[in-house]
Amino acid sequence: MEISAFLLPKDQVAYITSSLSMLEAMEQLEQHYYSAIPIIDHEGKYVGTLAEGDLLWKLKNTAGLSFASMHEVKVSDIQRHVHNESVYIKAQMEDMLTLAADQNFVPVVDGTGVFLGIIRRKDIIEYYTRNITD
């Protein structure tokens, strides 16, 4: 089986760009009820994942930063504490499963690093549960 069978395509996934503000990122997380969200750059390449905790650490560790001034901080200026590794669309299932064991979702990229979508750990578990119990 190819990992593309599990792909939730980019057009069905919420993501943010690295040029958004901290406030806009927080609003996206809230709107989609996510605890983490993929970040892409201006070329559409996956650059990392922003987690709620990253926002909290930035707020706590930046003197003078408040909810009122979060619009002044760019996502690219926020240190990320968790590294969600991406997987190449043509990678082996084992590579994707190894990442999914430690990540709620696995970002999927093409050969140039362009973000194609995600594979949710939930979908993998549901698939294997259906096929083991059938």
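Reading the values: rules and limits
- Residues numbered from 1 in each chain as written.
- Predicted model: local features only at pLDDT ≥ 70, side-chain atom pairs only at ≥ 80, totals over all residues.
- Heavy atoms only, no water.
- Buried < 20%, exposed > 50% of the residue type's maximum accessible area, 1.4 Å probe, protein only.
- Helix = DSSP H or I, 4+ residues; strand = E, 2+ residues; numbered from the N terminus.
- Pairing = 2+ DSSP bridges.
- pLDDT = per-residue confidence, 0-100.
- Axes fitted to C-alpha atoms, helices over the stretch in contact; angles between N-to-C directions.
- Left-handed = near helix turned anticlockwise from the far one by under 90°.
- Contact = heavy atoms within 4.5 Å.
- Nonpolar A, V, L, I, M, F, W, Y, C, P; charged D, E, K, R; others polar.
- Core = buried A, V, L, I, M, F, W, Y, C linked by side-chain atoms within 4.5 Å.
- Arc of directions from axis to C-beta.

A short note on the pairing of strand β3 (residues 36-40)
Side chains on a regular strand alternate between the two faces of the sheet.
Next up, step 1: When you tally the buried positions in β3, you get five out of five residues, the bulk of the element.
Next up, step 2: In this structure, strand β2 (residues 16-17) lies alongside β3, joined through two bridges in parallel fashion. Looking at the pairing, T17 lines up with I40 of β3.
Next up, step 3: In this sheet, strand β4 (residues 46-51) lies alongside β3 in antiparallel orientation, the contact comprising five bridges.

With respect to the confidence of the model for the protein
Next up, step 1: Put simply, the protein has an average pLDDT of 92, and 99% of its residues get 70 or more.
Next up, step 2: The spread of mean pLDDT over the elements of the protein runs between helix α4 (residues 121-133), the lowest at 83, and β2, the highest at 97.

Overview of the packing of helix α1 (residues 22-32) against helix α2 (residues 52-61)
Next up, step 1: One can describe the packing of α1 onto α2 by two numbers: an axis separation of 11 Å at closest approach and a directional angle of 145 degrees. When you trace α1 past α2, the crossing you get is left-handed. Residue-level contacts link M22, M26 and L29 of α1 to E52, L55, K58 and L59 of α2.
Next up, step 2: Tallied by class, the residues present in the contact of α1 with α2 amount to five nonpolar, no polar and two charged.

Section: the environment of K90
Next up, step 1: For K90, the position within the fold is in the loop between β5 (87-88) and α3 (93-102).
Next up, step 2: Assessed through its relative accessible area of 63%, K90 is described here as exposed.
Next up, step 3: Measuring from C-alpha to C-alpha, the distance between K90 and Q28 comes to 29 Å, with 62 residues separating the pair along the chain.

With respect to the nonpolar core
Next up, step 1: Of all hydrophobic cores here, the largest spans 15 residues; its most connected members are I16, M22, I37, L50, L55, L65 and I78.
Next up, step 2: Of all the secondary-structure elements, those providing two or more residues to this core are α1, β3 and α2.
Next up, step 3: By residue number, the principal contributor to this core is α1, which donates three residues.
Next up, step 4: Apart from the residues within four sequence positions on either side, I37 is in contact with A14, Y15, I16, Q28, L29, G48, T49, L50 and F105.
Next up, step 5: Formed by 13 residues, the second largest nonpolar core is a distinct cluster that contains I3, A91, V106 and I124.

Quick look at α1
Next up, step 1: Of all the residues in α1, the buried ones are M22, A25 and L29. Considered in projection along α1, the buried side chains sweep an arc of 65 degrees and stay on one side of the axis. For α1, the exposed residues set more than 90 degrees away from the buried face come down to E30 and Q31.
Next up, step 2: Buried residues in α1 make contact with β2, β3, β4 and α2.
Next up, step 3: Just downstream of α1 lies Y33, where phi reads positive at about 60 degrees.

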